Amino acid sequence: QVIDAVGKLHLFEKLRGPLFPFLSRDLVRANLSLLIRNPKSYLKTWWAVLSGTWRSPKFFLGALLWYPKCVAFARRMRELGVEHVHAHFAHHPAMAALVVHRLTGIPYSFTAHGSDLHVDRTMLPQKVRAAAFVVAVVPLEAQAASRPRDGAHTAPYAFAVQATDSGSLPVS
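Bear in mind the structure is a predicted one, so any value in this text is a computation, not a measurement. (Residues numbered from 1 in each chain as written. Predicted model: local features only at pLDDT ≥ 70, side-chain atom pairs only at ≥ 80, totals over all residues. Heavy atoms only, no water.)

## Some remarks on helix α1 (residues 25–37)
Helical periodicity: at 3.6 residues per turn, an α-helix aligns residues three or four positions apart in one direction. The test is simple: For helices the rule is a DSSP run of H or I covering at least 4 residues; for strands it is a run of E covering at least 2, with both sets numbered from the N terminus onward. What a helix should span is 1.5 Å times the count of its residues minus one. Classification of residues uses two cut-offs on accessible area relative to the type maximum, computed with a 1.4 Å probe and protein chains only: under 20% is buried, over 50% is exposed, and between them is partly exposed. It is the directions from the helix axis to the C-beta atoms that the arc portrays.
With 13 residues, α1 should cover 18 Å at 1.5 Å per step; its first-to-last C-alpha distance of 18 Å lies within 8% of that length. When α1 is considered as a whole, its buried residues turn out to be Leu27, Ala30, Asn31 and Leu34. All buried residues of α1 project into a common sector of 90° when viewed along the axis, lining one side. For α1, exposure combined with an orientation more than 90 degrees from the buried face picks out Arg25, Ile36 and Arg37.

## Digging into a nonpolar patch on the surface
Note the threshold: Residues forming no salt bridge and having over 30% relative accessible area are the ones grouped into patches, like charges within 9 Å of each other and nonpolar side chains (Val, Leu, Ile, Met, Phe, Trp, Tyr) within 5 Å. For accessible areas, the Shrake-Rupley method is used with a probe of radius 1.4 Å. Any residue's cover is judged against the shown protein chains and nothing else. Just to be clear on terms, a salt bridge is a Lys or Arg side-chain nitrogen sitting within 4 Å of an Asp or Glu carboxyl oxygen.
On the surface, Leu23, Val28, Leu32, Leu35, Ile36 and Leu43 cluster together into a nonpolar patch covering about 590 Å² of accessible area. The element best represented in the nonpolar patch is α1, accounting for 4 residues. Checked against the element boundaries, Leu35 lands in helix α1.

## Some thoughts on the environment of Leu124
Summarising the element assignment, Leu124 is placed in helix α6 (residues 124–130). Judged by relative accessible area, which is 2%, Leu124 ranks as buried. When the C-alpha positions of Leu124 and Ala90 are compared, they lie 7.2 Å apart, and in sequence the two are 34 residues distant.

## Focus: the confidence of the model for the protein chain
Applied cut-off: How sure the predictor is of each residue is captured by pLDDT, a score from 0 to 100. Two residues qualify as a contact provided that any one of their heavy atoms is within 4.5 Å of a heavy atom in the partner residue.
Here the protein chain shows a mean pLDDT of 74. Residues at 70 or above account for 66%. Of the regions scoring below 50 in pLDDT, residues 1–17 engages in 47 contacts with residues more than four places distant in sequence or in other chains. Note on residues 157–172: pLDDT is under 50 here. Beyond four places in sequence and across chains, it has 19 contacts.

## A closer look at unusual backbone geometry
Positive phi outside glycine occurs at Phe89, with the angle close to 90°. Along the chain, Phe89 falls in the loop between β3 (84–88) and α4 (92–104). Phi is positive for Met123, which is not a glycine, with a value near 65°. Structurally, Met123 is set in the loop between α5 (115–118) and α6. For Met123, a relative accessible area of 6% translates into the label buried.

## Observations concerning the side chain of Ser41
When you line up the elements, Ser41 lands in helix α2 (residues 39–53). Take Ser41: its relative accessible area is 16%, and that puts it in the buried class. In this structure, Ser41 is in contact with Tyr67, Arg102 and Leu103, ignoring residues within four places of it in sequence.

## Thoughts on the packing of aromatic side chains
Selection rule: For this analysis, a ring pair means two rings from Phe, Tyr or Trp (six-membered ring only for Trp) whose centres lie within 6.5 Å, classed as stacked if their planes differ by under 30 degrees, edge-to-face if by over 60, and tilted for the remaining angles.
Enumeration over the complete set of coordinates arrives at 3 aromatic pairs. Ring centres of Tyr42 and Trp46 lie 5.9 Å apart, and the angle between their planes is 85°; on these two criteria the pair is classed as edge-to-face. Separated by 4 residues within a single helix, Tyr42 and Trp46 lie in helix α2, roughly one turn from each other. Owing to a relative accessible area of 6%, Tyr42 belongs among the buried residues under this scheme. Looking at Trp46, the relative accessible area reads 22%, which means it is partly exposed. When the centroid spacing of 4.9 Å and the interplanar angle of 5° are considered together, the rings of Trp46 and Tyr67 count as stacked. Taken together, the residues span a long stretch of sequence, with Trp46 in helix α2 and Tyr67 in helix α3 (residues 57–80) at a distance of 21 residues. Overall, Tyr67 belongs to the buried group, its relative accessible area being 0%.

Pasting the structure below:
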């Protein structure tokens, strides 16, 4: 968990660690609380994720396993007053940010690193469409992320160069 000065919480590529183990009292409490308080949002979001991933066994299993944890993340982010979620990689982390967004309304963005766009683009159109913006490490990935195969044109994007010779940068 990293919270910077402007109140952004960054999801790591892996949603692992002591913050939210796969089975804990807090995880169960967060899921039951949302299911009781807002069953339509809970079930509609879970259905959207499961129906969007069923063609990819890896993503479908990930959705089954990670959704309850994402619900707990969403609850914690709301409690912390998080204003924006940023995920690295367009696969599972972006799906987690999408879930948080759908459950809380907190805007999100993600960085596409390349391999995540070229191996499996499961739910990429939905992730890009709902994102506030998408960052890609090279222009080709930015172009791929901004035009998912379903033809949708969506979130603004930018590209970031991974390495720069600092001596070539202008000094002001």
